[in-house]
Each structure stands twice: as structure tokens, then as C-alpha cells.
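# Coordinates in review
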Amino acid sequence: MSSAPRVPDSPDPGRPPVTLPRLQEMKEAGTPIVMVTAYDFPSARAAEAAEVDVVLVGDSAAMTVLGYDTTVPVGMDEMLMLARAVRRGLRTPLLVGDLPFGSYEASDEAAIATAQRFVKEAGCDAVKLEGGGSSVDRARAIARAGIPVMGHVGLTPQTATALGGYRAQGRTAQRAADVARDAMALQDAGCFSIVLEAIPAAVAELMMGRLEIPVIGIGAGPATDGQVLVFHDLLGIRDGHGARFVKRYRSIGDEMAAGVREYAQDVRSGRYPTADHTYSIDPEELERFRARMTEHHTGAYDFMS
Ligand code: KIV
């Protein structure tokens, strides 16, 4: 038993839901767009309470909450379960579902069907896919099917092996031009926004002049229209240092381990539970119960009736 979840709300009850036109307005006004990942009800509630603009149910869930080594193994059913929990915890941010590896690449039909599942079955407002090349066609198909789609170029973890590992991209003129070409192709295909991951700040800054849609950076420097970080990275819920671009705002993982350790010590030493944590019973009821238990002991088995 636990306490029932509270209906979520942002600190400003009048805060309107974030829409695609609102994100475009923010870009044009130079108002930074705040995006964060979330994978369950509590992380969604934290994002709502912080009044972030966009929440991504990232396939980084594979590593942060499902314990896989990479983002590659996570499946659509797993992503949907997480996205539904996030939906229940959010009211105002735009909710984006990340199309997992293998769920959209094969054909436009596959991409549309997967995107529709995020919208119909989890209540997502939009989806995100990774890469240029054939992903541009998939993005165009999804957008034409009426589902807002976000692109993602630079370091694209689903294809990290082909990129030479988890490393910064666009560090030569040719590679930077490749990233810029993919970003512009995704914009032309109808993406409402694009994520630039792990590219030099100067490359991102030069690209900004050519991108009319909101650009969200992660390890792409300060020139983008907004920033995204992985929830578990910024709160220190994961082991290790993480990428260079991660700024750790808390060490919640250490706190969690310390709390569970204290609980274990309390149980083992008898310090928990105390009278404060137990329920009482009327003494007369207790006496009746004691009598029944005694009857039970002497052979009468009806003590539960
Ligand atoms: O899966 C994810 O968390 C992402 C963000 C890093 C943009 O794609």
C-alpha cells in the first residue's frame, strides 16, 4: 500500500499547455526553451512542477530505467508503458515520444504506424526520430500523416556504432556540413523542431542562421533555442560521470542508496518500525481476537469467520 498519486499541476494553475506555435513564438522572441526527459509518473510530475516546456520520453529510458547497455534493445511496448505513465503526470508541457530503434526505419508505413501508437495509446503530442538519410523520408511521411515530428542529428545514439561510438560529431568541415545538411533536410521535410546532439558550439551557432524551426541542443553550446538534458543525468541518478555536456544539479542516486541503506540498518537493528508506524486496535476487540486464536489452537478452525 502507498499513498494515492495526486493529480499533477504546475505552480501556475493558469499556465496554458505548450503548443507548437508557442515553441515557434519562443524561438522568435529569444525565450529559451527548456526540455527534459521523463520516464514515469514522478519524473513527469517534477517536470510539470518545474514548468518545463517540452518533455521527451527518450529512448535513453533503455539505459536510465530499464538497465540495457545501449538504447538499441528497447521496444515499442516498453516505450509505450513509460509514455503512458508520463502522460498521467503531465498537464502543460508538450509531450514527445521517442521512436525506438527498429520501429520506424523500414518503411514510411512502419514509421506512421509507430508514431500513431505514441499518439493514440500514450497521448503523446509529437514524436522524435534520429538521423538524416532515410529518416528524412520517414519524418516527411509522419508529418504528412498529421503527427508533429522532431528530428535529431549530430550524435544519434541509436546508430552510435556507425558513428564510431558515443563521441562528438561534426568536428571537421565535411562532417559539420553533413550534420547541417541532415538538419536542413529534416526542416524541409516538415519537422517542427530539431535536436542537435554533441556537436561543436561554433558549428551549431553557424547552423542557427539556416534553421527556422526551434532548435534544441544537448552538448551543442549556448546558441540553440533551447536545451535538453536527460533527467537521470541532471539529477545524478546514474553512476559515472556521463558526457562532457552534462551538468549535474543534484546527486539523487547517492541519496537514494543512502536512504535504502539506513532503512536496511533500521530493520536489522529493530529501530524500525516503532509505535509511530503501527496501527492500534480497541483492547476489547483484541481480547475477542485472542480468544478466537486460542480456540483455533484447540482445534476450532472458524476463527476467520
Ligand atoms: O533519448 C533521449 O534521451 C534523447 C535526448 C538525449 C535528446 O534523445
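Notes on the structure follow. Note that the coordinates shown come from a computational prediction; the quantities given were computed from them, not determined experimentally.

Conventions adopted
- Residues numbered from 1 in each chain as written.
- Predicted model: local features only at pLDDT ≥ 70, side-chain atom pairs only at ≥ 80, totals over all residues.
- Heavy atoms only, no water.
- Helix = DSSP H or I, 4+ residues; strand = E, 2+ residues; numbered from the N terminus.
- Rg over C-alpha atoms; globule rule 2.2 N^0.38 Å.
- Contact = heavy atoms within 4.5 Å.
- Areas by Shrake-Rupley, 256 points an atom, 1.4 Å probe, with all protein chains shown as cover.
- Patch = residues over 30% accessible without salt bridge, like charges linked within 9 Å, V, L, I, M, F, W, Y side chains within 5 Å.
- Salt bridge = Lys/Arg side-chain N within 4 Å of Asp/Glu carboxyl O.
- Polar contact = N/O pair within 3.5 Å; in protein donor to acceptor, adjacent residues only side chain to side chain.
- Disulfide = S-S within 2.5 Å.
- Buried < 20%, exposed > 50% of the residue type's maximum accessible area, 1.4 Å probe, protein only.
- 1 Å grid on protein atoms, 1.4 Å probe; cavity = no way out; pocket = protein on both sides within 12 Å on 5 of 7 lines; lining within 4 Å.
- Points joined across faces, edges and corners; volume = space filled by probe spheres on them.
- Nonpolar A, V, L, I, M, F, W, Y, C, P; charged D, E, K, R; others polar.
- Near = heavy atom within 4 Å.

### Describing the overall build of the protein chain
- Helix and strand content of the protein chain: 11 helices and 8 strands.
- For a compact globule of 305 residues, the expected C-alpha radius of gyration is about 19 Å, and the protein chain comes in at 25 Å, more than 25% above that figure.
- Oriented by its inertia axes, the alpha-carbon framework of the protein chain measures out at about 85 × 40 × 40 Å.
- Of the contacts made within the protein chain by residues no fewer than 6 positions apart, 60% connect residues no fewer than 24 positions apart.
- Within the structure as shown, the protein chain displays about 16600 Å² of accessible surface, and the carbon and sulfur contribution to it stands at 55%.

### Topic: a nonpolar patch on the surface
- A cluster of nonpolar residues, Val 260, Tyr 263, Val 267 and Tyr 272, forms a patch on the protein surface that exposes about 390 Å² of accessible area.
- Among the secondary structure elements, Tyr 263 is positioned in helix H10 (residues 252-269).

### Some thoughts on the side chain of Asp 233
- Relative to the assigned elements, Asp 233 resides in helix H9 (residues 231-234).
- Looking at Asp 233, its side chain comes within polar contact range of the side chain of Arg 238, at 3.0 Å.
- In contact with Asp 233, not counting residues within four places along its chain, are Arg 238, Val 246, Lys 247 and Arg 248.

### A few points about the state of the cysteines
- A full pass over the atoms with the stated rule returns 0 disulfides.
- Here Cys 191 stays unpaired: no disulfide links it, and the sulfur of Cys 124, its closest cysteine neighbor, is 16 Å away.
- A residue is classified by how much of its surface remains accessible, and Cys 191, at 4% relative accessible area, is buried.

### Overview of the pattern of salt bridges
- Going through the model one piece at a time under the given rule, you end up with 16 salt bridges.
- As a salt-bridge pair, Glu 121 and Arg 117 come within 2.9 Å of each other at their nearest N and O atoms. Residue Glu 121 and its partner Arg 117 are located together in helix H5 (residues 108-122), separated by 4 residues, close to a single helical turn.
- For Glu 121, a relative accessible area of 34% corresponds to the partly exposed category.
- A single salt-bridge network, built from bridges that share partners, covers Asp 77, Arg 84, Arg 117 and Glu 121.

### Let's talk about the layout of surface pockets
- Reported here for the second largest pocket is a volume of approximately 320 Å³.
- Residue lining of the second largest pocket: 21 residues in total, with Gly 131, Gly 132, Thr 156, Leu 163 and Asp 182 positioned closest to the centre.
- Where the lining of the second largest pocket is concerned, the elements lending two or more residues are helix H6 (134-144), strand S5 (149-154) and helix H7 (173-188).
- Residue contributions to the lining of the second largest pocket peak at 4 residues, all from H7.
- Here the lining of the second largest pocket is built from residues that sort into 5 nonpolar, 11 polar and 5 charged.

### Focus on the site of the ligand
- In the vicinity of the ligand, the contacting residues are Thr 37, Leu 56, Gly 58, Asp 59, Ser 60, Asp 98, Lys 128, His 152, Ile 218 and Val 230.
- One of the side-chain N or O atoms of Asp 59 is found 2.9 Å from an oxygen atom in the ligand.
- Within the side chain of Ser 60, one N or O atom sits 2.5 Å away from an oxygen atom of the ligand.
- Compared with its free state, where it exposes 260 Å², the ligand has 96% of that area covered by protein.

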